[in-house]
Amino acid sequence: MASCSSLLSEDQFLCSICLDVFTDPVTTPCGHNFCKTCITKYWDNSDLCQCPMCKMTFDKRPDLYVNTFISEMAAQFRKSEPLKATISPDLRATKPEVSCDICTGTKVKALKSCLVCLASYCETHLEPHQRVAAFKKHKLIDPVENLEDRMCQKHERPLELFCRTDQTCVCRFCTEKDHETHDTVPLEEECEERKTQMKKTEGDMQQMIQERLEKVQEIKLSVETSKRDAKREISDSVQVFTVLVRSIERSQAELIEVIEENQKAAEKQAEGLIQDLEQEITELKRRSTELEQLSHTEDHLHLLQSFPSLSTPPHTKDWSEISVHSGLSVGAVRTAVSQLEETLNKEMEKLPEVKLERIQQYAVDVTLDPDTAHRKLILSEDGKQVRHGDIKQDLPDNPERFDFWVNVLGKQGFSSGRFYYEVQVEGKSKWDLGVVRESINRKGEITLSPKNGCWIVILRNDQMYIATDPPLLFSLRQKPQKVGVFVDYEEGLVSFYDVEARSHIYSFTGCTFTQKLYPVFSPCKNDGGKNSAPLIITPVTH
């Protein structure tokens, strides 16, 4: 059996916050994994409870439980890769081993370095500095190389101070002349301040790393969305052109068949006319022969008696107006082309931008129902706008009103047919839109999914989600400014469109509706004014 390390890469066991192998890994409701300590500290230091990866915001901090499967896999990975570290080996800080300057022969590892003696000592030779009173006053530090670099080249004294004015290390004698009026502090004090700056810089870098990891995910999602869109467009175009090609081939075959039938009819007509003409020619030839013979007779009586009957031409048709035609006119070709045009139009209607124009004819006038609005929602007088107001209003807690999910329903319900409406979402970073069934739970928290009677799309910080269980991330090329919602009750279809881009966002298909459906609107919390713009139901313009 293949080992864990041979099947899975190290990246799959790294927490995206600390960039180390998981310790007590937990899974958030959106499906991402972090160390329990890391995600807890992240939320403790943030005003919002959201996922660091996908930015999905949670109304309350979810309960976190250790994912035992990932924990066991991470533990196996540590065992199988004991020499690996999350930081590249060339980035690890390594301390050089310093040898004792007093030892002769085999050098022993130094325990301390003395800034006064400018020498490093092992445990044995360090003993005088711990026993002799004069040596006890010396400055001992962890062993370092090149101790002469820690001495002032001018005064041959230890560099114990830092001049903030000149940004350089100095000795105490330097402060009596060259740096007399300068701002100098002990090295320890300056180091503590620099460490604070370094900690802040490290935090900024970690934030930059996190932002770039998120951008990588965003780009990957964008590529996947682009692939999905391209695949869908190719499928749509292939379907349209396949139908057109078949229609053209069918029309061509039908036209050829008509032409051939008309030609056969013309040939049959021509055969009949030729037969009549040949009969007349035979009769005329016979009469002409009799006249020729009569003209040479010497029997005068016979000539005079026969002439009257021969002088009158036999009965024949007037062939001057008779002609043979196939019967195919330009009108037949025009009819075939018209049928093709009709087929083309029907197929074009299946394309999103054309289909949007068609479904806009089912526009309905939607007005918000104040009796269903959460008490923190503020509705306009005309019932066309809704925004979040932070403070709960003194409103009756009637059965229709939502008390957890900050949303409001439309007054109009639909139990058949098709309907369409448009909502302006410009300036918002969060919103929910769609339709819900009449019996949707109005009290307490619910999971937004078709199973629970919700057919909704969700925007959270430029990321689009489909309300399924769990939510499906659906990245878009651009954030919509106006969303169109179309429902075909009998067809079991709920579709969402980017009105300005004239493009399709997503469709719930194969749905089974048994109750009235109501438009639903949630402007979400205003996040201290960051998401204060209202949702606006706008008139539909074709």
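Everything below is about the structure printed above this text.
Summary of the structure given here. Computed from a predicted model, the values in this text were never measured in an experiment.

With that settled, the discussion passes to unusual backbone geometry. Even without glycine at this site, Leu118 takes up a positive phi of about 55 degrees. Of note, Leu118 is situated in the loop between β3 (112-114) and β4 (119-121). Even without being a glycine, Asp527 presents a positive backbone phi close to 50 degrees. Assignment of secondary structure puts Asp527 in the loop between β20 (517-522) and β21 (535-538).

Turning next to the pattern of salt bridges. As enumerated under the stated definition, the model contains 22 salt bridges in all. The salt bridge partner of Asp178 is Lys154, with a shortest N-O separation of 2.9 Å. Note that Asp178 is positioned in the loop between β7 (168-170) and β8 (184-186) and Lys154 in the loop between β5 (140-141) and β6 (161-163), a separation of 24 residues in sequence. Judged by relative accessible area, which is 58%, Lys154 ranks as exposed. What you see here is one network of salt bridges that share partners, running through Arg164, Glu189, Glu190, Glu193 and Arg194.

Taken as a whole and judged by the stated rule, the model has nine aromatic pairs. Both rings, one in Tyr362 and one in Phe486, keep their centres 6.1 Å apart while their planes meet at 40 degrees; by these two values the pair is tilted. With a gap of 124 residues between them, Tyr362 in the loop between α9 (352-359) and β9 (377-379) and Phe486 in strand β17 (residues 482-488) connect regions that are remote in the sequence. Given a relative accessible area of 27%, Tyr362 falls into the partly exposed group. Accessibility expressed as a relative area gives 4% for Phe486, which makes it buried. On the basis of an interplanar angle of 45 degrees and a centroid distance of 5.4 Å, the ring pair of Tyr489 and Phe513 is categorised as tilted. Taken together, the residues Tyr489 in the loop between β17 and β18 (493-498) and Phe513 in the loop between β19 (503-508) and β20 connect sequence positions 24 residues apart. Accessibility expressed as a relative area gives 11% for Tyr489, which makes it buried. The exposure class of Phe513 is buried, given its relative accessible area of 10%. Here the aromatic residues Trp455, Tyr489 and Phe513 are joined through ring pairs into a cluster of three or more.

Moving on: the pairing of β20. Summarising burial for β20: six of the six residues are buried, a large majority. Covered by surrounding structure in β20 are Leu517, Pro519 and Phe521 together with Tyr518, Val520 and Ser522, the residues of both alternating faces. Pairing geometry for strand β11 (residues 408-409) and β20, over two bridges, is antiparallel. Bridging across to β20, Val408 finds its partner in Phe521. When strand β13 (residues 430-437) meets β20, the two strands line up antiparallel, connected through six bridges. Bridged to Val436 within β20 is Tyr518.

Regular strands place side chains that alternate from one sheet face to the opposite one. Across five bridges, β18 lies against β19 in antiparallel orientation. Paired with Val494 across the two strands is Phe508, which belongs to β19. With antiparallel pairing between neighbouring strands as the criterion, β18 and β19 make up a hairpin whose turn holds four residues, including Arg502 at a positive phi of roughly 55 degrees.

Rules of the game
- Residues numbered from 1 in each chain as written.
- Predicted model: local features only at pLDDT ≥ 70, side-chain atom pairs only at ≥ 80, totals over all residues.
- Heavy atoms only, no water.
- Helix = DSSP H or I, 4+ residues; strand = E, 2+ residues; numbered from the N terminus.
- Salt bridge = Lys/Arg side-chain N within 4 Å of Asp/Glu carboxyl O.
- Buried < 20%, exposed > 50% of the residue type's maximum accessible area, 1.4 Å probe, protein only.
- Phe/Tyr/Trp six-rings, centres within 6.5 Å; stacked < 30°, edge-to-face > 60°.
- Pairing = 2+ DSSP bridges.

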